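Residue-level structural notes
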Amino acid sequence: MVLPELALLEQLKDRPILAIYTSTLQRSIRTAQPIAKFLNLPIQKQPELDEIAFGIMEGVQVSSLNEELKKEWERFKEDRFAYHIPGAENFTDVANR
């Protein structure tokens, strides 16, 4: 199995790339590092590329939610632009950043 960051290097090494942008998440940065090094380009971290934060639901699979989290998930699904799962962002927050 090829590591994702090396697969990306293989796919992009011969392309005319002038800049590399990533989210601020470590996995994104690690994925970009080999191609950045190969092309001698800096990695430009952009918080607006970060995925949505799910607060108390972060990393929890929907299929394994307890009753409290099921209620939070349902409230969020009813209004993704206004409702905040505790510690999370909603769609409005993501759009604003």
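About the cut-offs
Within every chain, residues take consecutive numbers counted from 1 along the sequence as written. It should be noted that, the model being predicted, local features are given only for residues of pLDDT at least 70 and side-chain atom pairs only at 80 or more, the latter also being counted only at that level, while totals for whole chains, interfaces and linings use all residues. Side-chain numbers come from the whole structure's heavy atoms, not from hydrogens or water. Secondary structure elements follow DSSP: runs of H or I no shorter than four residues count as helices, runs of E no shorter than two count as strands, and numbering proceeds from the N terminus. Atoms considered for the radius of gyration are the C-alpha atoms alone. The globule rule reads 2.2 Å times the number of residues to the power 0.38. For every residue, the accessible area obtained with a 1.4 Å probe (protein chains only) is divided by the maximum for its type, and the residue is called buried under 20%, exposed over 50%, and partly exposed between those limits. Working rule for contacts: check all heavy atoms of both residues, and any pair within 4.5 Å makes them a contact. Each accessible area is a Shrake-Rupley result for a 1.4 Å probe, and residues are judged covered by the shown protein chains and nothing else. Take the buried residues of types Ala, Val, Leu, Ile, Met, Phe, Trp, Tyr and Cys, join any two whose side-chain atoms come within 4.5 Å, and each joined set is a nonpolar core. Two rings from Phe, Tyr or Trp (for Trp, the six-membered ring) form a pair when their centres sit within 6.5 Å of each other. Planes less than 30 degrees apart are called stacked, planes more than 60 degrees apart edge-to-face, and all others tilted. Expected span of a helix, by definition, is 1.5 Å for each gap between consecutive residues, and there is one gap fewer than residues. In this analysis the local bend is the angle between axes fitted, respectively, to the seven residues ending at and the seven residues starting at the residue.

A word on the overall build of the chain
Assigned secondary structure in the chain consists of four helices and two strands. Starting at the N terminus, the α and β elements of the chain follow one another as α-β-α-β-α-α. Scaling as 2.2 N^0.38, a compact globule of 97 residues should have a C-alpha radius of gyration of about 13 Å, whereas the chain reaches 18 Å, well beyond that. Each principal axis of the C-alpha atoms in the chain carries an extent, and together these give about 50 × 35 × 15 Å. Here the chain, with 97 residues, has 22% of them falling under the buried criterion. Contacts in the chain between residues far apart in sequence, at least 24 positions, make up 41% of those at least 6 positions apart. Split by element, the accessible area of the chain, about 7000 Å² in all, is 55% carbon and sulfur.

Some thoughts on the nonpolar core
Ile-52, Met-57, Leu-65, Leu-69, Trp-73, Phe-76, Ile-85 and Ala-88 together form the largest nonpolar core, which totals eight residues. Filtering out sequence-adjacent residues up to four positions away, Ile-85 remains in contact with Phe-54, Ile-56, Met-57, Glu-72, Trp-73 and Phe-76. In this structure, Leu-9, Ile-20, Ala-32 and Ala-36 belong to the second largest nonpolar core, which totals five residues.

What about the packing of aromatic side chains?
Within this structure, the stated rule accounts for five aromatic pairs. Ring geometry for Phe-54 and Trp-73: centres 6.1 Å apart, planes at 55°, overall tilted. Of this pair, Phe-54 sits in the loop between β2 (43-45) and α3 (67-78) while Trp-73 sits in helix α3, and the two are 19 residues apart along the sequence. With a relative accessible area of 16%, Trp-73 lands in the buried category. Feature note: the residues Phe-54, Trp-73, Phe-76, Phe-81 and Phe-91 constitute an aromatic cluster, connected by ring pairs.

Topic: helix α2 (residues 26-39)
Between the first and last C-alpha of α2 there are 20 Å, a value that for 14 residues agrees with the 20 Å anticipated at 1.5 Å per step. The sharpest bend along α2 reaches about 35° and sits at Gln-33, with the proline Pro-34 one to four residues further on. If you check which residues of α2 are buried, you get Ile-29, Ala-32, Pro-34, Ile-35 and Ala-36. Within two residues after α2, Asn-40 carries a phi angle of roughly 55°, on the positive side.

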